[in-house]
Amino acid sequence: MTTPEAGQSQAPRPEERLEQAVRAAEQALIEYEIAVETFRVEVENFARLHEQRLGPLYTRIEELDAEIAEAKAARTGDPEDIRRAAEARAQVTPIPGVEELLHGWMDGDGLFPEAVAMLTDQPVRPPQRVRPSEEARKLYRELARKAHPDLAQEEAERKRREEFLGRVNAAYARGDEALLRELAEEWAAGPVPPERRPSPAEELYARLEWLAQRKELLTLVARELEDGAIAGMLRLAPDDPDGLLDEIAGRLRADITQREAELAALLGQD
């Protein structure tokens, strides 16, 4: 014999539909992240291959352009030709190494103290010793007596006092009388009451909001990748990117041959 209670189905919890929505959103976000990351790796690999195979050809073209411009400027002596030659050479000339420019001035941690002193006209000296005022000493002694961890009965209160006294010691070491007054007021006000914990429904709504924000961020990343030049090249030949690089390389080699002939003609003229 069944009781009336047994025949009744258990009522769903209020958060059950929210939990289902969160699980669905999490799974969708995982799939979206996988798709975006796969696309990012694809673009990055193609960019690396593009640089390896075509980079030297582009560099050779830039060098030839600079040499052609310089040959023209040497032949004509025209100020405008000289300006163009200087601009073309600037595109090719590497910037001096940072290590050479900053040798003896800085390392991975920043400027050396001696360099800072030279730049600011300040002598390099150890920090001055602080002598706390009489009021600061008085405040420190009062706070140390009131907030001493040994006065605590519970472990949580002991830890709170240890953290607070650490701040008091730091302020006293700096002779910061104003901060010591603030700490005295803070201690007099008592411990801050714990914050109200969000309800299960509030936590689920917050999770959904975070998932939505994360998806928006991934969408921006994907859009930036899609708008890039490398992705544009991939769209031209999604099934044969290597063939596209071969085609571009062939065109660049033809451009190099043409420029080499132009330079030879300029240099060969009397």
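Note that the structure is a prediction, hence the values are computed from the model and not measured.

Caption draft 1: View of the overall build of the protein chain. Looking only at helices and strands, one finds eleven helices and two strands in the protein chain. Taken from N to C terminus, the helices and strands of the protein chain fall in the order α-α-α-α-β-β-α-α-α-α-α-α-α. Among the 270 residues that make up the protein chain, the fraction classed as buried is 22%. Put simply, the protein chain shows about 20100 Å² of open surface, and 54% of that area lies on carbon and sulfur atoms.

Caption draft 2: Expanded view of the packing of helix α10 (residues 229–236) against helix α11 (residues 241–268). Where α10 meets α11, the axes come as close as 8 Å, and the angle between the chain directions of the two elements is 105 degrees. By the angle between their axes, α10 is roughly perpendicular relative to α11. Between α10, through Met233, Leu234 and Leu236, and α11, the contact on the second element is made entirely by Pro241, Leu244, Leu245 and Ile248. Within the contact of α10 with α11, the residues separate by chemical class into seven nonpolar, no polar and no charged.

Caption draft 3: Quick look at the pattern of salt bridges. Inspection of every chain in the model, using the stated rule, returns 26 salt bridges. Notably, a salt bridge pairs Arg207 with Glu26, separated by 2.9 Å at the nearest N-O pair. On the criterion of sequence distance, the pair formed by Arg207 in helix α9 (residues 200–227) and Glu26 in helix α2 (residues 16–76) is long-range, its members being 181 residues apart. The exposure class assigned to Arg207 is partly exposed, which follows from its relative accessible area of 33%. In this structure, Arg259 engages Asp65 in a salt bridge whose closest nitrogen and oxygen atoms are separated by 2.6 Å. Taken together, the residues span a long stretch of sequence, with Arg259 in helix α11 and Asp65 in helix α2 at a distance of 194 residues. It is possible to trace a salt-bridge network through shared partners that takes in Glu80, Asp81, Arg83, Arg84 and Glu87.

Caption draft 4: Local environment of the nonpolar core. Core analysis: the biggest nonpolar cluster contains 22 residues, and Val43, Phe46, Leu54, Leu57, Met233, Ile248 and Leu252 have the highest contact counts within it. The set of elements that each furnish at least two residues to this core consists of α2, α10 and α11. Beyond its immediate stretch of four places on either side in the chain, Val43 contacts Leu225, Ile230, Ala231 and Leu234. In terms of nonpolar packing, the next biggest core, distinct from the first, is built from twelve residues, Phe164, Leu165, Leu183 and Trp187 among them.

Caption draft 5: Molecular detail of the side chain of Asp81. If you trace the backbone, Asp81 turns up in helix α3 (residues 79–92). Residues contacting Asp81, with those up to four places away along its chain left out, are Ala69, Lys72, Ala73 and Thr76.

Caption draft 6: Spotlight on helix α7 (residues 155–173). Its 19 residues place the ends of α7 27 Å apart at the C-alpha level, agreeing with the 27 Å of an ideal helix rising 1.5 Å per residue. For α7, every residue scored as buried is listed here: Arg161, Phe164, Leu165, Val168 and Ala171. Buried residues of α7, seen end-on, are gathered within an arc of 110 degrees and therefore sit on one face of the element. For α7, exposure combined with an orientation more than 90 degrees from the buried face picks out Ala156, Lys159 and Ala173.

Caption draft 7: Geometry of the environment of Ala73. Position of Ala73 relative to the elements: it lies in helix α2. In this structure Ala73 comes out as buried when scored by relative accessible area, which is 10%. Sequence separation of Ala73 and Ala86 is 13 residues, and the distance between their C-alpha atoms is 9.5 Å. Sequence-distant contacts of Ala73, that is, excluding residues within four places in its chain, are made with Asp78, Asp81, Ile82 and Ala85.

Parameters at a glance
- Residues numbered from 1 in each chain as written.
- Predicted model: local features only at pLDDT ≥ 70, side-chain atom pairs only at ≥ 80, totals over all residues.
- Heavy atoms only, no water.
- Helix = DSSP H or I, 4+ residues; strand = E, 2+ residues; numbered from the N terminus.
- Buried < 20%, exposed > 50% of the residue type's maximum accessible area, 1.4 Å probe, protein only.
- Areas by Shrake-Rupley, 256 points an atom, 1.4 Å probe, with all protein chains shown as cover.
- Axes fitted to C-alpha atoms, helices over the stretch in contact; angles between N-to-C directions.
- Parallel < 35°, antiparallel > 145°, perpendicular 65-115°, else oblique.
- Contact = heavy atoms within 4.5 Å.
- Nonpolar A, V, L, I, M, F, W, Y, C, P; charged D, E, K, R; others polar.
- Salt bridge = Lys/Arg side-chain N within 4 Å of Asp/Glu carboxyl O.
- Core = buried A, V, L, I, M, F, W, Y, C linked by side-chain atoms within 4.5 Å.
- Expected span 1.5 Å × (residues − 1).
- Arc of directions from axis to C-beta.

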